[in-house]
Amino acid sequence: MGRVTVKRPVLHIEDGETRRRPDTLAAEEPLEIRVAGRSLAVTMRTPGHDVELTHGFLLTEGVIGDREDVSTARYCDSVDDSGRNTYNVLDIALAPGVAPPDDSVERRFYTTSSCGVCGKASLDAVRTKTRYAPGDDPVTLTPEVLAGLPDTLRAAQAVFDSTGGLHAAGLFRADGTLVVAREDVGRHNAVDKVLGYALLQGGIPAGGTVLMVSGRASFELTQKAVMAGVPVLAAVSAPSSLAVEMARESGMTLVGFLRGRSMNVYAGTQRIVTEDAPLVGG
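Residues numbered from 1 in each chain as written. Predicted model: local features only at pLDDT ≥ 70, side-chain atom pairs only at ≥ 80, totals over all residues. Heavy atoms only, no water.

Q: It is not clear to me how the sheet that holds strand β4 (residues 38–45) should be interpreted in this structure. Could you clarify?
A: Backbone-to-backbone hydrogen bonds pair the strands of a sheet. The strands run either parallel or antiparallel. The sheet built from 4 strands is open, its strands ordered β4-β3-β6-β5 with mixed pairing. Two strands in the sheet have a free side with no partner beyond their single neighbour: β4 and β5 (70–75). Between one strand axis and the next, the sheet turns by 20 degrees as a mean value, whatever way the strands run. Taken strand by strand, helix α1 (residues 50–60) contacts β3 (29–35), β4, β5 and β6 (89–94), and its axis lies near 55 degrees from that of β3. (Pairing = 2+ DSSP bridges. Helix = DSSP H or I, 4+ residues; strand = E, 2+ residues; numbered from the N terminus. Axes fitted to C-alpha atoms, helices over the stretch in contact; angles between N-to-C directions. Contact = heavy atoms within 4.5 Å.)

Q: Help me understand the pattern of salt bridges, please; the structure alone is not making it clear to me.
A: Two side chains of opposite charge can pair, provided their charged atoms sit close to one another. Using the criterion set out here, one finds 10 salt bridges in the structure. Measuring nitrogen to oxygen at the nearest pair gives 3.9 Å for the salt bridge that ties arginine 67 to glutamate 68. We classify glutamate 68 as exposed; its relative accessible area is 56%. Here arginine 131 makes a salt bridge to aspartate 69, at a shortest N to O gap of 3.7 Å. With arginine 131 in the loop between α2 (123–127) and α3 (143–155) and aspartate 69 in the loop between α1 and β5, this residue pair connects regions lying 62 residues apart in the sequence. (Salt bridge = Lys/Arg side-chain N within 4 Å of Asp/Glu carboxyl O. Buried < 20%, exposed > 50% of the residue type's maximum accessible area, 1.4 Å probe, protein only.)

Q: Is there a simple way to explain the environment of alanine 243 in this structure?
A: On the secondary structure map, alanine 243 appears in helix α7 (residues 241–250). Overall, the relative accessible area of 0% leaves alanine 243 in the buried class. Expressed as a C-alpha distance, the spacing of alanine 243 and tyrosine 266, which sit 23 residues apart in the sequence, is 9.5 Å. Residues contacting alanine 243, with those up to four places away along its chain left out, are Ala217, Ser218, Phe219, Thr222 and Leu254.

Q: How should the pairing of strand β1 (residues 5–14) be read in this particular structure?
A: Within a regular strand, the side chains alternate between the two sheet faces. One ladder, built from 10 bridges, connects β1 with strand β2 (residues 17–26); its direction is antiparallel. In the sheet register, isoleucine 13 faces β2, and the bridge partner there is threonine 18. The turn linking β1 back onto β2 is made up of 2 residues, and aspartate 15 within it adopts a positive phi angle of 55 degrees.

Q: Can you help me understand α7 in this one?
A: Structurally, the α-helix is built with 3.6 residues per turn, so residues lying three or four positions apart point the same way. Within the span of α7, buried status applies to Ala243, Val244, Met246, Ala247 and Ser250. Buried residues of α7, viewed axially, fall in a sector of 165 degrees; they line one side. Exposed and facing more than 90 degrees away from the buried side of α7 are Ser241 and Glu249. Directly after α7, the chain includes glycine 251, whose backbone phi takes a positive value near 85 degrees. (Arc of directions from axis to C-beta.)

Q: I'm lost on the nonpolar core in this one. Help?
A: In globular proteins that are soluble, nonpolar side chains generally tend to be buried together. Core analysis: the biggest nonpolar cluster contains 46 residues, and Leu58, Ile64, Leu211, Val213, Val230 and Leu254 have the highest contact counts within it. By residue number, the principal contributor to this core is helix α5 (residues 187–200), which donates 6 residues. Every residue in contact with valine 213, bar those within four places of it in the chain, is listed here: Leu153, Ala168, Ala169, Val191, Leu221, Leu233, Ala234, Ala235 and Val236. Counting residues in hydrophobic clusters, the runner-up holds 16 residues, among them Val145, Leu153, Phe172 and Ala234. (Core = buried A, V, L, I, M, F, W, Y, C linked by side-chain atoms within 4.5 Å.)

Q: Can you help me understand the sheet that holds strand β9 (residues 209–213) in this one?
A: As summarised here, the arrangement of the 6 strands in space is β8-β7-β9-β10-β11-β12, forming an open sheet in which the pairing is mixed. With partners counted over all chains shown, the strands left at the sheet margins are β8 (178–184) and β12 (262–267), one partner each. Taking each pair of neighbouring strands and ignoring which way they run, the sheet shows an average axis angle of 20 degrees. The pairing of strand β10 (residues 232–235) with strand β11 (residues 253–259) spans 3 bridges and is classified as parallel. Counted as the bridge partner of valine 232 is threonine 253 from β11. Here α7 sits on the sheet and contacts β11 and β12; the angle it forms with β12, its principal contact strand, is near 60 degrees.

Q: Looking at this model, I keep getting lost on the side chain of threonine 46. Mind explaining?
A: Among the structural elements, threonine 46 can be located in the loop between β4 and α1. There is a polar contact of 3.1 Å between the side chain of threonine 46 and the backbone nitrogen of valine 185. Once residues lying within four places of it in the same chain are set aside, the contact partners of threonine 46 are Val4, Ala27, Leu166, Asp184, Val185 and Lys193. (Polar contact = N/O pair within 3.5 Å; in protein donor to acceptor, adjacent residues only side chain to side chain.)

Next comes the structure, spelled out in structure tokens:
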């Protein structure tokens, strides 16, 4: 849609010298998600891949579990001061027989790009909704494959190269092949876009895959991976205590501080194989 980045004038200062120049910024605009005309959530996102984002959001909130659960997705008439469509309101029609979202999903207040779990009725409600718990997934990986994921994901971040201001998420096969990568100002939006892509391609539950994220592994990102049936979540930074708890409860493998050949495995160590033997532990 040509709105992923914007140009803004800046005053650049370096070594005591100043000059004015244009700078490229990552775009951030609100997206209102509606179901059957009813407002469900507003999230701040980088425009683009909105249909994927919305499908991923509905999947990870437990509203849908398959691409056939959605009948249509269309932009509503939301116009700016000049009368042009902003493409910032997306309305979803669920397929016949698919129950509408309950009150625990509804978010009638502002959701920032750093917090997507706000508005939950309770954490317990999140834990009990998944249709695709990853505990029985037999996939295994080597530390060598895991070590290569951050560089592969970084190489796929085209917009980050020009702005330096976006999070990224990527879905990988167990051999390290990248399936899809997405960028967004919100880390939870990047994950929703990736999982929405997988859903639309018939790839949910996402067995045998690794979800790689560019930042930390929060509780919310972990529950999104669980909801999609992803057996391995890897992050370049730290997990939270609640993320580790959820990973252990669901049978997911959780890897943090994945930097080069160094990493911490916080849960599901049996999936990490070294010298033809799985690791032992949690």
